[in-house]
Amino acid sequence: MATTALKTTTAEWRDYLALCKPNVVALIVFTAVVGMLLASPGMVPLDIFVFGTLGIGLASASAAAINHVVDQKIDAVMGRTRGRPLPQGAVSTRDALVFAVALGIVAMLILVLLVNPLTALLTFGSLIGYAVVYTMYLKRATPQNIVIGGAAGAAPPVLGWAAVTGSVDPGALLLFLIIFAWTPPHFWALAIHREEEYRKVDMPMLPVTHGKDFTRLQILFYTVLLLVVTLLPYGYGMSGGFYLGGAMVLGLGFLYYAVRLYRGDDDRMPMRTFGFSITYLMALFALLLVDHYVPNLMALIG
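All figures in this text were calculated on a predicted structure; none of them were measured in a lab. (Residues numbered from 1 in each chain as written. Predicted model: local features only at pLDDT ≥ 70, side-chain atom pairs only at ≥ 80, totals over all residues. Heavy atoms only, no water.)

Taking 1.5 Å per residue, 24 residues should reach 34 Å; helix H10 (residues 170-193) reaches 36 Å between its end C-alpha atoms and fits that length. At Thr183, H10 shows its largest kink, close to 30 degrees, and the proline Pro184 lies no more than four residues downstream. With 18 of its 24 residues buried, H10 lies for the most part within the structure. (Helix = DSSP H or I, 4+ residues; strand = E, 2+ residues; numbered from the N terminus. Expected span 1.5 Å × (residues − 1). Bend = angle between axes of the 7 residues up to and from the residue. Buried < 20%, exposed > 50% of the residue type's maximum accessible area, 1.4 Å probe, protein only.)

Following this line, the structure appears as C-alpha cells:
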C-alpha cells in the first residue's frame, strides 16, 4: 500500500514538473544567467545571482504552465503534445491554473523584494507576452506569430542583465536581438516537420499558410540575418576575437543546415535543423561567457 502511494505521489510530481516545460525553462534560465554574468565585469553578487535565477526560472515555468492550460485542446490532437498532463487527465485544468498562478506570484515576490523592481516588471511583461499575447492571440491570429511573439522568448538575457545592473543597456539589447533573430529559423524548422498536425488544428503556422517552400526560404533568410546579428557584440566591443571566431563557425554551421533544408531533398533535415539550432544557441552564449572571463583569467595568471 505504501509503495503504491509513493508511486502515485511521484507521478503527480512529475506531471506538475512537465507543466513547467523543464527543458525549455533550462534554456531560458541559461541565457538569463549569461546575461547576468556579462553585465558584471567581475562576479555577480551571490544573492542577486540566486534570487534572480530563481525568480526568472519560476516566472518562465508559470508561463509554460499557462500555455499548457490554454492549448490543452490543441495538445490533445497533436501527436507531439497529446501525452502532456492535461490531455491525459493527469492534472485538472483548475489545478494547473492554480499551480501556474502560484508560481507567477512567488516569482514576482522574489524579484520585487530580493532583486529589483525593474527586473520584476520586465519579467512580468515577458510572462504576459508569452502566456497571454502569444499563446492566446498571436498563435492563432497570424503566420508571423513566431516572429512577433519571439520578443517574449528573447527577453531572458535582458532580465538577467537588469537583475545585476538595475537597467537595460545596449549590451543586453544585443543579446535580445540574437535570440529574436534565432527564434524563427529554430521554430519554423519544427513547424515544417509538424505541418500536417498544425493544419489539422487550424493553426496558422507559416508552412500551413504559405507552404513549406516559402518557409524554407524564410528560414534561410533569418539564418543569414542571425549570422550578421551575432557579429554585433564584437563590433560593439562587448566581446573579443575568441567569440568572433566561434560565432562565425557556429553561424556557418547553422547556414549549412538552412541551405540543406532549403534544397528540400532530405525529409530528416527539418528536425536536424531544429536540433542543431538548440545546440547552436547554447554554444553561442557559452562562447560569450568564456570570451568575457578568459581575459580576466589570463590577466590573473600573468
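So, on to unusual backbone geometry. Positive phi outside glycine occurs at Lys21, with the angle close to 50 degrees. Positionally, Lys21 belongs in the loop between helix H1 (2-19) and helix H2 (22-38). Positive phi values are uncommon outside glycine, yet Asp202 reaches one of about 60 degrees. Positionally, Asp202 belongs in the loop between helix H11 (195-200) and helix H12 (206-210).

Before going further, it helps to examine the environment of Lys21. Residue Lys21 is classed as buried on the basis of its relative accessible area of 16%. Placed 121 residues apart in sequence, Lys21 and Thr142 show a C-alpha to C-alpha distance of 24 Å. Setting aside its immediate chain neighbours within four residues, Lys21 contacts Ala64, Asn67, His68, Arg84 and Tyr130. (Contact = heavy atoms within 4.5 Å.)

Our focus in this paragraph is a nonpolar patch on the surface. A contiguous nonpolar patch, built from Leu97, Val101, Ile105, Leu109, Val112, Leu113 and Leu114 and spanning about 630 Å² of accessible area, is present on the exposed surface. Mapping Leu113 onto the fold places it in helix H6 (residues 93-114). (Patch = residues over 30% accessible without salt bridge, like charges linked within 9 Å, V, L, I, M, F, W, Y side chains within 5 Å. Areas by Shrake-Rupley, 256 points an atom, 1.4 Å probe, with all protein chains shown as cover. Salt bridge = Lys/Arg side-chain N within 4 Å of Asp/Glu carboxyl O.)

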